Amino acid sequence: MPYIPHTQEDTAQMLDQLALSQTQDLFDEIPLSLRSPSLQNLLVGESEMQVMRQMQQRADLDRYQLSFLGAGSYHHHIPAAVWDLVGRGEFLTAYTPYQAEASQGTLQVIYEYQTMMARLTAMPVANASLYDGASALAEAILMAVRANRQTHAKNILMPDSVHPLYREVCQRLTAAQDVVLHALPFNPLTGQIEQAVLMQFVDMDVAAVVVASPNVFGVIEEVHALTNWAHQQQALMIAVVNPISLVVLVPPGEWGEKGADIAVGEGQPLGVPVASGGPYFGFMCAQQQWIRQMPGRLVGRTLDRHGKPGFTLTLQAREQHILRSKATSNICTNQGLLVTAATVYMSLLGPEGLKQVALASHTNRQQLVAQLQTKGFEILFSGPSFHELVVRLPVAVEPVLDHLAQQGILAGVALSPWFEQFPNCLLMCTTEVHTVEDLDQLVQQLAQAVAKIAAVPVRAAELFGV
Amino acid sequence: MSHIPAELKFLTTHEWVRVEADGTAFIGISDHAQSAMGDLVYVELPEVGTTISAGEELGVVESVKAASDIYAPISGEILAVNDNLSESPELINTDPYGDGWICQIQLQDPIELDDLLSAEDYSEQLEEDEE
Amino acid sequence: MSITVMDSQLIFEKSRRGRQASAQVTAQLEADKALADIPAALRRRSAVGLPEVSELQVVRHYTNLSAKNFAIDKNFYPLGSCTMKYNPRGAHKAASFPGFLQRHPLAPASHSQGFLACMFDLQQMLAEVTGMRAVSLTPMAGAQGEFAGVAMIRAYHQSRGDLARQEMLVPTAAHGTNPATAVMCGYRVVEVPVDASGDVDLAELKAKVGPQTAGLMLTNPSTCGVFERNILSIAQVVHDAGGLLYYDGANLNAIMGQARPGDMGFDVLHLNLHKTFATPHGGGGPGAGPVGASARLAAFLPGPCVAQDKITGRYRFQAALETPQSIGRLSAFMGNAGVLVRAYFYARVLGREGIKRVGEFAALNANYLMQRLREAGFDLAYPERRATHEFIISFQALQKKTGVSAMDMAKRLLDYGFHAPTTYFPLLIPECWLIEPTETEDLDTLDAFVKALITIREEALYNPELVKTAPHTLPVKRLDDVLAAKQLDLVWRQVATV
């Protein structure tokens, strides 16, 4: 029996202790009509060897040679030591650290993580993480609404340049609490939010302004002016940031005169594989004054009864298992294991290693932009950008992507499903994993594919005699 | 058995009021409430100068195991708050009816006091809750 | 258990300026040159403050930290309602195949067939195990699954123009996430009491249900560690009033393969794959909380779900246009995909017979343990009931006699190398433990646990101080929670280093 240790003798002895003749008697409180479903649609169990072989075959179907996909999930090199350490059973198979004395490993890791995230974002406090970047943004919005106790305003300014999937998640998770997300357009030339569009909201009671920088196009926003404007309006500033970018870009705690109030983002770039979108982790940092409105877990340092330092979950009174229907959120878990990966990753890279990752990712973008322009492709958005770019093709994107995919190159994400106003546009991402040869190969193959596709409609037009 | 001073008025939600000769009133939480919550770690105080209506949320008390809203037993302007609680929330544990007071209110409408429980009523309520 | 002397330094305290894990530096670029195209005001000026340490220091530091944890791999972990069963290594290994780890969430269908095939199969398997029509895998934890389920109930009533249903019924014994979720979804929570034998009070339920009722959230078996015997009547009462039934899958392990929520009349449910399907808890996440729906709620499931083309046999994500009534998206991509891949492995290895054995042996272990403790004189909360996969004992009598609380007993148990059961939950039973051994523990371990408990009870009677001051053998002694909350120290502030 897979993973069940009982011998026949064990089972007999245990039933004997219970004065029962068979295990089915254990279920005699369940109405008879409900018992023993056939489960006929389930397969028969197979051995570890058989299942692993089939899964290996399936996994191999999804392999490719080169990827320039980004848009919220990024290919970075993950040092070998990261998942070797994270995969230790002591981290992998521990429960939530409710019994603090038996969980000092996990708790100290989270305390170190909180410290690292606070330093990276230049914010005073960080929580122990949330599910992913998108849900962290939704939680930040609900937090801002709670923090605004005076007017109970529920208006949030949500730029169109925030990742469209994040916007969808925020809409879903905040709608039942009557939060209204007001769209903010961006300048189609720069890719940035312009202050002028904020003017229509000066008379509105706004709870928070969301700004993603870099935004979904990789464009860096005018964060100082936007933050100052939000604060003039008595609104909170919620920053959505890429953690890798923070070693080179101004961190949320230094946005404007007072800094952002809440900073959130997707933690995946910090040592977590792209892996079909999860598990990742969302990080959240905040100014000290909002700490009691923060959702999720917090680890604090304290002393034991002999005066020795130790770590424990704290401010649990805000959480669902105590406050129940009045809790700040229904969240129970943080993404403990992924936080462990990020902590080890940041320790291994250190400030210099992380900076080189950011610089190499950015330099590769500059290279790619130059090469694409040389081939005559148009690059959208003049605003300064970090490690992502949008290129306009002279033909439809989908056949080009298909063509490249057949050669094992995943060139980018088509933009039009998210932004109708940008047909034929491709969102691409470079990181430190890309070499000069990778970029050459991409540009060459892209140019060839475009030329090939461009030739097709001409022939089709000839055929139909247009 | 918790201590219930006879001169105070109470809410069923465990807040107390003490009316002074000058027409102001002090507000706090009862000995029973502090003991049920355990060691207090944080008190969120109202702002001086704001006006509050009876039944509104006045602040929050938080212990390691619970967080609880404090409701205003009476309406009026907040004249003073007990700033010592920011540093030493445990004053509520050690002296709930004295040094652990939460705020002072300018009494607006003395008739509201009639809606509150007397010490005797409150004591009875606690006994009923016990059952 | 031997605890070697370990330092308790933070990684930051091991940092020395200029030291680095050199193998991890990818390039040697100059910041000013490389960032020339970014305005100075938008660039970082302040130091980042990450530790500067060598690779060996990192490996040693985190290896030593890991040794300070209890974990299933090291200890029996009878945490009630948490289902801390063995996490198969094969599942972890299979999920770590490069093809899975390197698949980008926005990869084209041409490079996703392997992953999507696993997800499609898992959707089908979970539907069969729970007796539901369809399953969506995307919720990232049990609490998000709950949110999805309640949001679906809301969407269903709204789609029918039935806007008067503003109340969600929740039994008093329910897990705290239930009421928190109902409020997040915009409902008023109405509590339904549980009777003396642990069942929902049917008369009270009838009194509280009506045209204002959106639904009832129920955990079955309940957190009282008993099966809800009136489940068919409860379903009828709620359905007759036009409400829907939500199944909280926290305790599905107790009946997996033995009875199905769908057959009981539930309209929507969530599963905790990190409990029932043996995926690791990771020190507090990641989990996964797929939702299943009956025929009338299937259209409202969150997306994206995986579909298979009947003709080509190829797999793809369903487009938003195909699912216009869906409650939408709960995560940027597809939830905790890696957890789902692990659960898929587990379900395939178990198969039909293996799935049935889960409930069977989970119940056998729990009932055996309960019986042994009963015979040893411990107080059961529901002595006349069968245990499900868990049961409750109360230390109220012991506490009155000795002053030793359930928490003290739990802390002392740690000294014996066993993780403590869930303490003080459910809230209804004073000084209680909720004990769940799971099916993967062997008889000798259960017997050793009983022996340890008997010993600790002796200690409580004859040397209560020993128990009250426990633990004594762990890396730290009993920690001061009050100090932690009063003088918040969430982020290390450098005192004075080199």
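Residues numbered from 1 in each chain as written. Chains lettered and ligands numbered in written order. Predicted model: local features only at pLDDT ≥ 70, side-chain atom pairs only at ≥ 80, totals over all residues.

*Asks:* What exactly am I supposed to notice about the overall build of chain B here?
*Replies:* Along its length, chain B carries 4 helices and 10 strands. Seen in sequence order, chain B has helices and strands lined up from the N terminus as β-β-β-α-β-β-β-β-β-α-α-β-β-α. Judged by the C-alpha coordinates and their principal axes, chain B covers about 35 × 35 × 25 Å. Taking all 131 residues of chain B together, 39% fall into the buried category. Excluding contacts between residues fewer than 6 apart, the proportion of contacts in chain B whose partners are at least 24 apart in sequence is 63%. (Helix = DSSP H or I, 4+ residues; strand = E, 2+ residues; numbered from the N terminus. Buried ≥ 20, exposed ≤ 12 C-beta atoms within 10 Å, placed from the backbone. Contact = placed C-beta atoms within 7 Å.)

*Asks:* Any chance you could explain the overall build of chain A here in plain terms?
*Replies:* From N to C terminus, chain A includes 12 helices and 15 strands. Across its three principal axes, chain A shows a C-alpha extent of roughly 85 × 60 × 50 Å. Looking at chain A as a whole, 61% of its 466 residues are labelled buried. Summarising the internal contacts of chain A: among those between residues at least 6 apart in sequence, 76% fall at separations of at least 24.

*Asks:* I would appreciate a short explanation of the interface of chain C and chain A in the present structure.
*Replies:* How big an interface is tends to be expressed through the accessible area that disappears when the partners come together. Contact residues are listed per partner, giving 170 residues for chain C and 166 residues for chain A. Ranked by residue count, the leading element in the side of chain C that touches chain A is helix H12 (residues 337-375) of chain C, at 20 residues. For the side of chain C that touches chain A, the class distribution of residues is 93 nonpolar, 46 polar and 31 charged. (Nonpolar A, V, L, I, M, F, W, Y, C, P; charged D, E, K, R; others polar.)

*Asks:* Teacher, can you tell me more about the confidence of the model for chain B here?
*Replies:* The predicted coordinates ought not to be read in detail in places where the model reports low pLDDT. Residue and element names in this part refer to chain B. Within chain B, residue pLDDT values average 91, and 98% of them lie at 70 or more. Within chain B, the lowest mean pLDDT, 87, falls on helix H4 (residues 119-130), and the highest, 96, falls on helix H3 (residues 91-94). Here the predicted complex carries an ipTM of 0.96, next to a pTM of 0.95. (pLDDT = per-residue confidence, 0-100.)

*Asks:* Please explain the sheet that holds strand E3 (residues 188-192) of chain C as it appears in this structure.
*Replies:* Two orientations exist for strands paired in a sheet by backbone hydrogen bonds: parallel and antiparallel. All names here are of chain C. Strand order across the open sheet formed by 7 strands is E1-E7-E6-E5-E4-E2-E3, with mixed pairing between neighbours. If you trace the sheet from one side to the other, it starts and ends with strand E1 (134-136) and E3, each paired once. Adjacent strand axes in the sheet meet at a mean angle of 25° when their direction is disregarded. Bridge count for strand E5 (residues 244-249) against strand E6 (residues 268-271) is 4 bridges, and the pairing is parallel. When the bridges of E6 are listed, Asp248 appears paired with His270. Contacts between helix H6 (residues 142-159) and the sheet are confined to strand E2 (167-171), strand E4 (213-219), E5, E6 and strand E7 (291-293), with E6 contributing the most and set at about 170° to the helix. (Pairing = 2+ DSSP bridges. Axes fitted to C-alpha atoms, helices over the stretch in contact; angles between N-to-C directions.)

*Asks:* I would appreciate a short explanation of the nonpolar core in the present structure.
*Replies:* The nonpolar side chains of a soluble globular protein tend to be buried, and buried together. In this structure, Ile141(A) and Ile238(A) are the most contacted members of the largest nonpolar core, which totals 358 residues. Top element by residues in this core is H12(C). It accounts for 22 residues. Sequence-distant contacts of Ile238(A), defined by excluding residues within four places in its chain, comprise Ala140(A), Ile141(A), Ala144(A), Ala208(A), Val209(A), Val210(A), Ala260(A), Asp261(A), Ile262(A) and Val264(A). (Core = buried A, V, L, I, M, F, W, Y, C linked by C-beta atoms within 7 Å.)

*Asks:* Would you mind showing me how to read the sheet that holds strand E10 (residues 379-380) of chain C here?
*Replies:* Residue and element names in this part refer to chain C. Spatially, the 4 strands line up as an open sheet ordered E10-E11-E13-E12, and their pairing is antiparallel. Looking at the sheet topology across the chains shown, the edges are occupied by E10 and strand E12 (422-423). The pairing of strand E11 (residues 391-394) with strand E13 (residues 432-435) spans 4 bridges and is antiparallel. What sits directly across from Ile393, in E13, is Trp433.

*Asks:* What should I look at first to understand the packing of helix H2 (residues 48-61) of chain A against helix H5 (residues 113-130) of chain C in this one?
*Replies:* Angle between the axes and distance between the axes are the two parameters that describe a pair of packed helices. Look at H2(A) against H5(C): their axes get within 6 Å of each other, and the N-to-C directions meet at 130°. In terms of orientation, H2(A) lies oblique with respect to H5(C). Note on element contacts: H5(C) touches H2(A) through Gln113(C), Gly114(C), Ala117(C) and Cys118(C), opposite Arg58(A), Ala59(A), Asp60(A) and Leu61(A). Within the contact of H2(A) with H5(C), the residues separate by chemical class into 4 nonpolar, 2 polar and 2 charged. (Parallel < 35°, antiparallel > 145°, perpendicular 65-115°, else oblique.)

*Asks:* Sorry if this is basic, but what is going on with the pairing of strand E4 (residues 180-184) of chain A here?
*Replies:* Residue and element names in this part refer to chain A. As defined by bridge partners, strand E3 (residues 155-159) adjoins E4 across 5 bridges and the pair is classed as parallel. Within the sheet, the bridge partner assigned to Pro159 lies in E4 and is Leu184. Since E3 and E4 lie parallel, the crossover through helix H7 (residues 164-174) that links them has a hand, and here it is right-handed. (Right-handed = clockwise from strand over helix to strand, strands pointing away.)

*Asks:* So what exactly am I meant to see when it comes to the packing of H5(C) against H12(C) here?
*Replies:* All names here are of chain C. The geometry of H5 relative to H12 is characterised by a closest axis approach of 10 Å and an angle of 45° between their N-to-C directions. Regarding the angle of H5 to H12, the classification is oblique. Where H5 crosses over H12, the two elements pack in a sense that is left-handed. Taking contact as the criterion, the partners of Cys118, Met119, Asp121, Leu122, Met125 and Val129 in H5 are, on H12, Leu340, Val341, Ala343, Tyr344, Ala347 and Ile355. Split by residue class, the contact of H5 with H12 holds 11 nonpolar, no polar and 1 charged. (Left-handed = near helix turned anticlockwise from the far one by under 90°.)

*Asks:* Would you mind going over the environment of Ala141(C) with me for this structure?
*Replies:* By the secondary structure assignment, Ala141(C) is in the loop between E1 and H6. Owing to 31 C-beta atoms within 10 Å, Ala141(C) belongs among the buried residues under this scheme. As a C-alpha pair, Ala141(C) and Gly289(C) span 148 residues in sequence and 4.4 Å in three-dimensional space. Ala141(C) has contacts with Tyr131(A), Cys332(A), Thr333(A), Gly285(C), Gly287(C) and Gly289(C), leaving out every residue within four places of it along the chain.

*Asks:* Looking at this model, I keep getting lost on H12(C). Mind explaining?
*Replies:* For an α-helix, the turn length of 3.6 residues means that residues three or four places apart are oriented alike. Residue and element names in this part refer to chain C. With 39 residues, H12 extends just 45 Å between its outermost C-alpha atoms, more than 12% less than the 57 Å of an ideal straight helix rising 1.5 Å per residue. Of all the bends in H12, the greatest measures close to 100° and is centred on Gly351. One or two positions beyond H12, positive phi appears at Gly377, with a value near 90°. (Expected span 1.5 Å × (residues − 1). Bend = angle between axes of the 7 residues up to and from the residue.)

*Asks:* Honestly, H6(C) in this entry has me stumped. Any pointers?
*Replies:* All names here are of chain C. The end-to-end C-alpha distance of H6, which contains 18 residues, comes to 25 Å, matching closely the 26 Å that a straight helix rising 1.5 Å per residue would cover. Among the 18 residues in H6, 14 count as buried, and that is most of the element. Just past H6, the residue Gly161 takes up positive phi, approximately 70°.

*Asks:* For this particular structure, what's the right way to read the environment of Thr333(A)?
*Replies:* With respect to the element layout, Thr333(A) can be found in the loop between helix H9 (320-323) and helix H10 (336-374). Since 26 C-beta atoms lie within 10 Å of it, Thr333(A) is described here as buried. In contact with Thr333(A), not counting residues within four places along its chain, are Thr96(A), Ala141(C), Gly284(C), Gly285(C) and Gly287(C).

*Asks:* In this structure, what is going on with the environment of Gly249(C)? I would like to understand it.
*Replies:* All names here are of chain C. By the element assignment, Gly249 lies in strand E5. The sequence separation of Gly249 and Gly359 amounts to 110 residues, and the corresponding C-alpha distance is 13 Å. Not counting chain neighbours up to four residues away, the residues in contact with Gly249 comprise Leu269, His270, Leu271, Asn272 and Thr276.

*Asks:* For this particular structure, what's the right way to read the pairing of E3(C)?
*Replies:* Successive residues of a regular strand alternate their side chains across the two faces of the sheet. All names here are of chain C. Sheet topology note: the E2/E3 ladder contains 5 bridges and is parallel. By the bridge assignment for E3, Val170 is matched with Glu191. Note on the crossover from E2 through helix H7 (residues 177-184) to E3: the handedness is right-handed.

*Asks:* Got a minute to help me understand unusual backbone geometry in this structure?
*Replies:* One can expect most non-glycine residues to show negative phi and most peptide bonds to be in trans. Here the residue pair Gly285(C) and Pro286(C) is connected by a cis peptide bond, since its omega of 10° sits within 30 degrees of zero. Along the chain, Pro286(C) falls in the loop between helix H11 (273-276) and E7. In this chain, Gly303(C) is followed by Pro304(C) through a cis amide linkage whose omega measures -5°. You will see that Ala19(A), though not glycine, has its phi angle at about 55°, which is positive.

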